[in-house]
Amino acid sequence: MANKPTFKNLTRMWLALVGIMGFGNSIQCFFSEGYLSKRLYTVGQDNVSDLTTRLFAVWTLLTAGLRFMCAFNVTNRTIYSLTLFSFVLAMVHFLMEVFFYKTAMISSPGMIAPLIISAVSITTMTLGYYFIDDTDPRFPEVDENKEILSGKSRKKWK
């Protein structure tokens with residue numbers, strides 16, 4: 001009988017999927033002429049230069065790598081928190097482009113997908129703080145302060 005999927009494994013799969021989509025999006029930005037102005041920033045197309053597109057590609061590549069790393073190290077709270085922050089930052093960016101700068105329309109397909117992915121990811125990862133145990137069973141919990149004070153430290157000081 002197969003094991004039931006856990007919240008931890010579902011979160012890992014989701015983050016890996018989003019990371020792979022980010023890599024694909026980066027490749028499109030690097031090699032597709034006018035990708036951002038056709039898909040995302042449809043209102044302010046004159047604001048989108050080739051430099052902006054490449055910068056967006058690098059940002060997306062960075063976040064894709066971070067999300068992929070988090071998929072493999074979901075119990076690492078530092079990587080987990082940074083990944084959650086990257087989703088919050090992405091959502092704030094896209095919402096500001098729509099409502100504040102008015103360079104994009106919320107109804108464009110290139111804008112709907114990132115907002116949905118960010119919202120689902122923020123919700124999932126916030127719940128993950130309660131459902132994902134951050135202790136790694138492969139490594140025993142060691143209180144280094146107690147070891148040093150008791151004189152049983154593994155590392156001898158010279």
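Structural notes, computed from the coordinates. (Residues numbered from 1 in each chain as written. Predicted model: local features only at pLDDT ≥ 70, side-chain atom pairs only at ≥ 80, totals over all residues. Heavy atoms only, no water.)

**What about the packing of aromatic side chains?**
Then step 1. Applying the stated criterion across every chain yields a total of seven aromatic pairs.
Then step 2. When the centroid spacing of 6.1 Å and the interplanar angle of 75° are considered together, the rings of Phe-23 and Phe-68 count as edge-to-face. With Phe-23 in helix α1 (residues 7–31) and Phe-68 in helix α3 (residues 50–72), this pair connects stretches of sequence that are 45 residues apart.
Then step 3. Classification of Phe-23 by relative accessible area gives partly exposed; the value is 31%.
Then step 4. Both rings, one in Phe-100 and one in Tyr-101, keep their centres 4.9 Å apart while their planes meet at 80°; by these two values the pair is edge-to-face.
Then step 5. The class for Phe-100 is exposed, based on a relative accessible area of 58%.
Then step 6. Residue classification places Tyr-101 among the partly exposed residues on the basis of a relative accessible area of 47%.
Then step 7. Taken together, Phe-23, Phe-68 and Phe-72 form an aromatic cluster joined through their ring pairs. (Phe/Tyr/Trp six-rings, centres within 6.5 Å; stacked < 30°, edge-to-face > 60°. Helix = DSSP H or I, 4+ residues; strand = E, 2+ residues; numbered from the N terminus. Buried < 20%, exposed > 50% of the residue type's maximum accessible area, 1.4 Å probe, protein only.)

**Looking at the nonpolar core**
Then step 1. Membership of the largest hydrophobic core comes to 27 residues, with the highest contact counts inside it found for Leu-36, Leu-40, Tyr-41, Phe-56, Phe-94, Met-111 and Met-125.
Then step 2. Not counting the four nearest positions on each side in its chain, Phe-56 is found in contact with Asn-25, Cys-29, Leu-36, Leu-40, Tyr-41 and Phe-94. (Core = buried A, V, L, I, M, F, W, Y, C linked by side-chain atoms within 4.5 Å. Contact = heavy atoms within 4.5 Å.)

**Some thoughts on the side chain of Thr-11**
Then step 1. Along the polypeptide, Thr-11 turns up in helix α1.
Then step 2. Thr-11 sits in the buried class, given a relative accessible area of 1%.
Then step 3. When near neighbours in sequence (up to four residues on either side) are disregarded, Thr-11 contacts Val-74, Thr-124 and Ile-132.

**Digging into the packing of α1 against helix α5 (residues 109–131)**
Then step 1. At a closest axis distance of 11 Å, the pairing of α1 and α5 adopts a crossing angle of 150°. By the angle between their directions, the pair α1 and α5 is classed as roughly antiparallel. Judged by the twist between their axes, the crossing of α1 over α5 is left-handed. From α1, Phe-7, Thr-11, Trp-14, Leu-15, Val-18 and Met-21 reach across to α5, where they touch Ile-117, Val-120, Ser-121, Thr-124, Met-125, Leu-127, Gly-128 and Phe-131.
Then step 2. Across the contact of α1 with α5, the residue classes tally to ten nonpolar, four polar and no charged. (Axes fitted to C-alpha atoms, helices over the stretch in contact; angles between N-to-C directions. Parallel < 35°, antiparallel > 145°, perpendicular 65-115°, else oblique. Left-handed = near helix turned anticlockwise from the far one by under 90°. Nonpolar A, V, L, I, M, F, W, Y, C, P; charged D, E, K, R; others polar.)

**As for α3**
Then step 1. With 23 residues, α3 extends 33 Å between its outermost C-alpha atoms, agreeing within 8% with the 33 Å of an ideal straight helix rising 1.5 Å per residue.
Then step 2. Every buried residue of α3 is accounted for by Thr-53, Phe-56, Ala-57, Thr-60, Thr-63, Ala-64, Arg-67, Cys-70 and Ala-71.
Then step 3. Summarising the contacts, the buried residues of α3 are in contact with α1, α2 (35–39), α4 (77–99) and α5.
Then step 4. For α3, the N-terminal cap is Ser-49; the gap from its side-chain oxygen to the backbone nitrogen of Leu-51 is 3.4 Å. (Expected span 1.5 Å × (residues − 1). Polar contact = N/O pair within 3.5 Å; in protein donor to acceptor, adjacent residues only side chain to side chain.)

**Here's the deal with the layout of surface pockets**
Then step 1. Roughly 750 Å³ of volume is contained in the largest pocket.
Then step 2. Around the largest pocket sit 32 residues that line it, and Asn-25, Leu-40, Phe-56, Thr-60 and Phe-94 are the ones nearest its centre.
Then step 3. Those elements that place two or more of their residues in the lining of the largest pocket are α1, α2, α3, α4 and α5.
Then step 4. When residues in the lining of the largest pocket are grouped by element, the largest group, eight residues, is from α3.
Then step 5. By residue class, the composition of the lining of the largest pocket is 19 nonpolar, ten polar and three charged. (1 Å grid on protein atoms, 1.4 Å probe; cavity = no way out; pocket = protein on both sides within 12 Å on 5 of 7 lines; lining within 4 Å. Points joined across faces, edges and corners; volume = space filled by probe spheres on them.)

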